[in-house]
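Listed below, chain by chain, are the residues.
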Amino acid sequence: QVQLVESGGGLVQAGGSLRLSCAASGSFISINAMGWYRQAPGNERELVARVISGGGTNYADSVKGRFTISRDNLKNTVYLQMNSLKPEDTAVYYCNAALTRPRLDNYWGQGTQVTVSS
């Protein structure tokens, strides 16, 4: 059984910072990709940032220059450093991982709330 454990959400004022963490645990052969998605009320779930196997990264245009994703391969953990937060960043943030067990499957965390006040 694979589990993604998320932490780091909370309430901050505009311009503040938060750091999200997602740790993958369980039985799997490799992590092919890990990333963060978010969903605000009434909106579709959207990709925020992800790390691809080999270290490549992708960011949504709305967070480029403000958010930084990183991965600790030894700890099977991905981090999202969020700086210069804006009210429009308010959403539930979900960790996603593509894991080989041995087949490639997608897994989701339960989500962590990020609220940015104006």
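Below is a short write-up of the structure. Nothing here was measured: the structure is a model prediction, and the numbers come from that model. (Residues numbered from 1 in each chain as written. Predicted model: local features only at pLDDT ≥ 70, side-chain atom pairs only at ≥ 80, totals over all residues. Heavy atoms only, no water.)

1. Remarks on the overall build of the chain
When you go through the chain residue by residue, the secondary structure sums to zero helices and eleven strands. Going from the N terminus to the C terminus, the chain shows its helices and strands as β-β-β-β-β-β-β-β-β-β-β. Against the globule reference of 13 Å for 118 residues, the chain gives a C-alpha radius of gyration of 14 Å, in line with a compact fold. Based on the C-alpha atoms only, the size of the chain along its principal axes is roughly 45 × 25 × 25 Å. For the chain, with 118 residues in total, the buried portion stands at 40%. (Helix = DSSP H or I, 4+ residues; strand = E, 2+ residues; numbered from the N terminus. Rg over C-alpha atoms; globule rule 2.2 N^0.38 Å. Buried < 20%, exposed > 50% of the residue type's maximum accessible area, 1.4 Å probe, protein only.)

2. Some thoughts on the pairing of strand 10 (residues 104–108)
If a strand is regular, its side chains alternate between the two faces of the sheet. Pairing between strand 9 (residues 91–100) and strand 10: five bridges, direction antiparallel. The residue bridging T100 from the neighbouring strand is L104, located in strand 10. As consecutive antiparallel partners, strand 9 and strand 10 are separated by three residues. (Pairing = 2+ DSSP bridges.)

3. Thoughts on the sheet that holds strand 1 (residues 3–7)
Paired through their backbone hydrogen bonds, the strands of a sheet run either parallel or antiparallel. Spatial strand order, 1-3-8-7: four strands in an open sheet with antiparallel pairing. Whereas interior strands pair on both sides, the edge strands pair on one side only; in this sheet they are strand 1 and strand 7 (67–72). Strand-to-strand, the axes of this sheet are offset by a mean angle of 15°, without reference to chain direction. Across five bridges, strand 1 lies against strand 3 (residues 18–25) in antiparallel orientation. When the sheet's bridge partners are listed, S7 is paired in strand 3 with S21. (Axes fitted to C-alpha atoms, helices over the stretch in contact; angles between N-to-C directions.)

4. A closer look at the environment of S7
Mapped onto the secondary structure, S7 falls in strand 1. For the pair S7 and R19, spaced twelve residues apart in sequence, the C-alpha to C-alpha distance is 8.5 Å. When near neighbours in sequence (up to four residues on either side) are disregarded, S7 contacts R19, L20 and S21. (Contact = heavy atoms within 4.5 Å.)

5. Remarks on the packing of aromatic side chains
For the structure on display, the rule yields one aromatic pair. Plain terms: the ring middles of Y37 and W108 are 5.1 Å apart, the flat faces sit at 65° to each other, and that makes the pair edge-to-face. Separated by 71 residues along the polypeptide, Y37 in strand 4 (residues 30–39) and W108 in strand 10 bring together distant segments of the chain. Take W108: its relative accessible area is 38%, and that puts it in the partly exposed class. Positioned above the aromatic ring of Y94, the side-chain terminus of R45 is 3.7 Å from the ring centre. In this arrangement the basic side chain of R45 is found over the ring face of W108, its NZ or CZ atom lying 4.7 Å from the centre. (Phe/Tyr/Trp six-rings, centres within 6.5 Å; stacked < 30°, edge-to-face > 60°. Lys NZ or Arg CZ within 6 Å of the ring centre and 35° of its normal.)

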